Amino acid sequence: MASLIVTNGKQEGSYYPLGRRTNVIGRDEALPIQILDNMVSRKHVQIRFDQATSRYFAYDMKSRNGVYINNHRIEGEEALQDGDIITAGMTSILFLDKDFKDRDSALLHYKKVGERMRVTAYDPREFEQGPIGPGETGHPLPSR
């Protein structure tokens, strides 16, 4: 089974196991996955499990601001893959092609994945001229 984790916004850290059913995400309070974001339509995106292919699909339900998967606006329905980021309004939702026993397990997995994906900042001049000390920028400082 698959699951969703909200990765930003008011509901950051919310975890939703999907099961093998159709789920609708939107602002409507009657929905099982309600997103509190004014840029999200009442019924924004549908996540559907296809038994024939054992895959999940995202479908834009004619939302005003569109549905994006990995920063690409979808038209109609698109297959989801593990690690896809679904964006509805200003909210990002991580699709995971696995289920977890509880919210804490899901968030621990998300944290580990996030650490592996984080870019380490470095100063490329270190490789050219050795480590740069505190206050050394490689540029001449203006005299005082």
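Use the structure listed above.
This part covers the nonpolar core. Ranked by internal contacts, the top residues of the largest apolar core, which has 22 residues, are L4, I47 and I86. Within the residue set of this core, elements represented by two or more residues are β1 (3–6), β5 (45–50), β6 (55–60), β7 (67–69), β10 (85–88) and β11 (91–96). With three residues, the single largest contributor to this core is β5. When near neighbours in sequence (up to four residues on either side) are disregarded, I47 contacts L18, R21, T22, N23, I25, Y56, F57, A58, L80 and I86. Listed in part, the six residues of the second largest apolar core include I5, L96, F100 and A106.

Next up on the list: the packing of aromatic side chains. This model, assessed by the stated rule, comprises two aromatic pairs. Between F49 and Y56 the ring centres are 4.9 Å apart and the planes differ by 55°, which places this aromatic pair in the tilted class. Under the relative-accessibility criterion, Y56 is labelled buried at 3%. Of the aromatic side chains, those joined through ring pairs into one cluster are F49, Y56 and F95.

Conventions used here
Residues numbered from 1 in each chain as written. Predicted model: local features only at pLDDT ≥ 70, side-chain atom pairs only at ≥ 80, totals over all residues. Heavy atoms only, no water. Core = buried A, V, L, I, M, F, W, Y, C linked by side-chain atoms within 4.5 Å. Buried < 20%, exposed > 50% of the residue type's maximum accessible area, 1.4 Å probe, protein only. Helix = DSSP H or I, 4+ residues; strand = E, 2+ residues; numbered from the N terminus. Contact = heavy atoms within 4.5 Å. Phe/Tyr/Trp six-rings, centres within 6.5 Å; stacked < 30°, edge-to-face > 60°.

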